[in-house]
Structure formats: structure tokens, C-alpha cells
Amino acid sequence: MTYQRDTLCVQAGYTPGNGEPRQIPIIQSTTFKYATSEEMGKLFDLEASGYFYTRLQNPTNDYVAAKIAALEGGTAAMLTSSGQAASFFSIFNICSQGDHVVASSDLYGGTYNLFAVTMKRMGIHFTFVNPHCSDDELNAAFTPQTKAVFGETIANPALVVLDIERFAKAAHAHGVPLIIDNTFATPVNCRPIEWGADINIHSTTKYMDGHGAGVGGCIVDSGKFDWMQHADKFPGLCTPDDSYHGIIYAEKFGKEGAFITKCIAQLMRDFGSIQSPQNAFLLNLGLESLHVRMKRHCENGQTIAEYLRDHEKIAWVKFSGLPQDQDYALAQKYLPNGGCGVVSFGVKGGRKAAETFMKNLKLAAIETHVADARTCCLHPANATHRQMNDEELAAAGITPDLIRFSCGLEDARDLIADIEQALQFV
Ligand SMILES: *Cc1c(COP(=O)(O)O)cnc(C)c1O
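Residues numbered from 1 in each chain as written. Predicted model: local features only at pLDDT ≥ 70, side-chain atom pairs only at ≥ 80, totals over all residues. Heavy atoms only, no water.

Asker: Help me understand the domain arrangement of the chain, please; the structure alone is not making it clear to me.
Answerer: When the parts of a complex come together, some accessible area is lost, and that lost area is often taken as the interface size. Looking at the chain, the domain boundaries give domain 1 (5-285) and domain 2 (292-423). Every contact between the two is made by 36 residues of domain 1 and, on the other side, 38 residues of domain 2. Between domain 1 and domain 2, a total of about 2,900 Å² is buried, with carbon and sulfur atoms accounting for 60% of that surface. Here domain 1 is connected to domain 2 by one salt bridge. Where Lys333 meets Glu165, a salt bridge forms, and the shortest distance between an N and an O atom there is 2.5 Å. At the junction of domain 1 and domain 2, the tally comes to 16 residue pairs in polar contact (both at pLDDT 80 or more). Elements with a contribution of two residues or more to the side of domain 1 that touches domain 2: α5 (109-121), α7 (164-173) and α8 (186-189). Residues belonging to the side of domain 1 that touches domain 2 are distributed by class as follows: 18 nonpolar, twelve polar and six charged. (Domains from an automatic or database assignment. Contact = heavy atoms within 4.5 Å. Buried area = accessible area lost by both parts, 1.4 Å probe. Salt bridge = Lys/Arg side-chain N within 4 Å of Asp/Glu carboxyl O. Polar contact = N/O pair within 3.5 Å; in protein donor to acceptor, adjacent residues only side chain to side chain. Helix = DSSP H or I, 4+ residues; strand = E, 2+ residues; numbered from the N terminus. Nonpolar A, V, L, I, M, F, W, Y, C, P; charged D, E, K, R; others polar.)

Structure representation (C-alpha cells):
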């Protein structure tokens, strides 16, 4: 039986047996007991599935990962300690020194830094393309070393909507997977796999958790990309792994399981970016109400965007739910029920006015956070993106006056009153 998305939010991933706990158990244990070394040896050799050490896998985390896989329509998933770890693993699982990735230029600041600075030091190179570039420009970004394409469904904080189908076609024409960061839309509003994405990642820290309680990440595999068909590009998946007695992931675990199994067996083993079972439990509480909360976040976002659009002190508003928005048509296609509750805008008077406005807000708090039950806001040029110069900011779709306003679950009338009183100081 297959269930609707809202039902999956509440129930997928964990089905208790007779007399078992109704809520998912927190398996707060680093390790798991076995009667014989032979049995444990089979787990180490990936010959049997089971638990032996929480750095690799933990049942609580697996229940929650299974729920997210069901929501995204994927075949396998894993939790990570943060969204950053998920982004890094999703690329590093199929790229090594000398490889290349095509990425949208409108990215979360932390992702941009990871790609442009830190992974460059590992010899993995990125070409950043404007998400609205022409097909010719997009195709020209590929090299013989390209191993993946990466973009965000709704970019944080530029709020540009990615044409997922177009990027998937370009990726597949070059024999590589499309990796989508679906953090802002969540699977409630968009399932990138349905539009051709091969791998999804999330910062679960945002709407999925939704209450600012735990940092976390997730990687989901669609199970659709045929690694063996492009075996020359992906030796890590298609040639023997000496650290597991020469198993070939794509052969042994198939399209459905190879990517996540390798990512756990190699990257989680070696880097150890595991999510704590306690945080996974909190994440699941958030997921249980994700569909209800997203609706309200989007309604508040729409109300605030319309209010700001008509305000004389506001220079510009970016929200793909506004008919005059550059991405309105894309949003109608990919986000018919709304995108997210985040609105970006500029106050007339630029950088200085942005600061004056923000420090006079009473209900909306200044936070390095977004997509939370409580309304919060941020001035990226002064915070998350402050390592960028104005040119890099512009390339990332961020102006020096941009305020990222994340509408929470409060009554929109109170949010409007708060903005109204703060604007009087500008
Ligand atoms: C926050 C965020 C990340 C990074 O996630 P962390 O959980 O903070 O490590 C990645 N992508 C997007 C779109 C984000 O908003």
C-alpha cells in the first residue's frame, strides 16, 4: 500500500510490532552485541546487514532516514551530522582529486565555501553557472572530468528557483548525476527525483527539524542513476573496493543501494559525521508535522511578500510566489503548493537602512538560522556571506542590502505589525 505524502510525514520509516514502543526508540548505544565473531565478521564484510557500531549505522537514525527516503521517493537514505556533511559526502562519494563538478552559482554560503575553497584544496574543481544561463552556457561548463551537477531547489538566500528538469537533462546528456539540495522546499513542496534528480541532500536543521533544536543532514538516493553504464567515470562504485575484500558496490548493491552503501561504508567510516540518535529522534518529531507547518510557513511568506511589495520604503522583494517574480513560472511548475516561508528583500537606503530596520524588529530575531517556527532574519552580506567580496556576492545573487526574512508560524498580522513599526525608524 502506498500512502499520501502527509501520511508518510507522520508514519513512514517505523512500524512497531506487537507490544513495541509507539514512538521510535532512541537507541542510545555506541555498540551492539554478537554471540560469535563470525557473525560480526559478516557485517564488517558487508555480507550481512545489521548494526555493530553507531559511527556506521544506528537503528534510530535508520528509521528517520527511511522516512525521508519515502518522502522523497528514493530507494536509500542516510543521516549525517549536518547539512554541510551531507553536501560534502554527496560530492566526495563520486569525486576525487582531478575531478570536476558543475554547480549553480546561487548556493547557500557554506556550500559555496566548501566547494570553492575547501574542496578545491582537495583537487576537486567547480564551475559555477548562473541557474538562468542558456543551455549552451550550461553545456559549455562540462569537461571530460565532470562527475556531477549540483544545485538548490530554492537557493538560500537568493531564493532563485532551479529548473531541475533542464539541469537533469544536461547532467544525463553528459553521463553524470544531478545532486539537488532540497532543504528549502522540503519533499512536502517539491520532490526533485520526480523531475530527474538522482541524489537529494538536506540540511535537516531547517524546516525538517523546524524548531531550531538539532543540526543535521540527510542524503537520499533515487536509485535511478546507472553507475555501471558510466563505469569509466565512477571507478569508486564500479571497481573493487580493497577495504571490503574487493566488492564492487554497483554490482553487489545495484542502482538502488550502491551510492548510500558506499557512502556509509567508506565516508562515514573514515570521517565519522554521524547524527546522534537523540537528534534523529528530535528530527522525527519535526517530520511528523512537516506537512502542516510548511503550509503555514508558505502562507505567511506569501502574505509578508505581498505586504512588502506594496510598501513605499521597500526597494525590492524576491519571492517566487509573487506573479511579478522572475521565477514565478518555474515556481508554478515545481512548487505549485508554495515554496517556502523565506522572503528576501531590500529596504530603500541600502546596507545602512537594512541594519537600522533589523535592530528595531521586536518579534523577528536576528539569527544565523532560517526555516524555524519562530520568525528570524539575517543580513547575509554581514553574516553568512561576509567572506565574499561584492563581485562574488553579486554572482551568488546577493546584493549588499539583502535581508533574508524567514517567516515562522506566528500570526501574520503580528509579523506585519512588527515590520511596520521597525520601518518607521528607517
Ligand atoms: C543551512 C543549509 C545548509 C547547511 O546545513 P547545516 O545543517 O547548517 O550544516 C546547506 N544547504 C542549505 C540550502 C542550507 O540552508
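There is more to say, and it comes next.
Asker: Honestly, the sheet that holds strand β5 (residues 178-181) in this entry has me stumped. Any pointers?
Answerer: Strands pair in a sheet through their backbones, by hydrogen bonds, and they do so in one of two ways: parallel or antiparallel. Strand order in this open sheet of seven strands is β1-β7-β6-β5-β4-β2-β3, and the pairing throughout is mixed. Every other strand in the sheet has two partners, leaving β1 (76-80) and β3 (125-129) as the edge strands with one partner each. Across this sheet, the average inter-strand angle for adjacent strands is 20°, counted without regard to direction. Sheet topology places β5 next to strand β6 (residues 199-203); three bridges connect them, and they run parallel. (Pairing = 2+ DSSP bridges. Axes fitted to C-alpha atoms, helices over the stretch in contact; angles between N-to-C directions.)

Asker: Where do I start with the sheet that holds strand β11 (residues 376-378) in this structure?
Answerer: Spatially, five strands are ordered β8-β9-β12-β11-β10 in an open sheet, and the strand pairing comes out mixed. The strands lining the two open edges of the sheet, one partner per strand, are β8 (314-318) and β10 (365-366). Two elements, β10 and β11, share two bridges in a ladder whose sense is parallel. Paired with Ile366 across the strands is Cys377, a residue of β11.

Asker: I'm lost on the site of the ligand in this one. Help?
Answerer: Of all residues adjacent to the ligand, which total 15 residues, the nearest are Asn156, Asp181, Ser203, Thr205 and Lys206. Within the contact set of the ligand, an oxygen atom lies 2.9 Å away from a backbone nitrogen or oxygen of Gly83. Out of a free accessible area of 380 Å², the ligand has 93% covered by protein chains. Each residue belonging to the shell around the ligand can be placed in one class, and the counts come to three nonpolar, nine polar and three charged. (Near = heavy atom within 4 Å. Areas by Shrake-Rupley, 256 points an atom, 1.4 Å probe, with all protein chains shown as cover.)

Asker: Please clarify how the pairing of β6 should be interpreted in this entry.
Answerer: For β6, a buried count of five out of five residues is recorded, marking the element as mostly surrounded by other parts of the structure. Residues of β6 alternate between two faces, with Ile199, Ile201 and Ser203 on one and Asn200 and His202 on the opposite face, all of them buried. (Buried < 20%, exposed > 50% of the residue type's maximum accessible area, 1.4 Å probe, protein only.)

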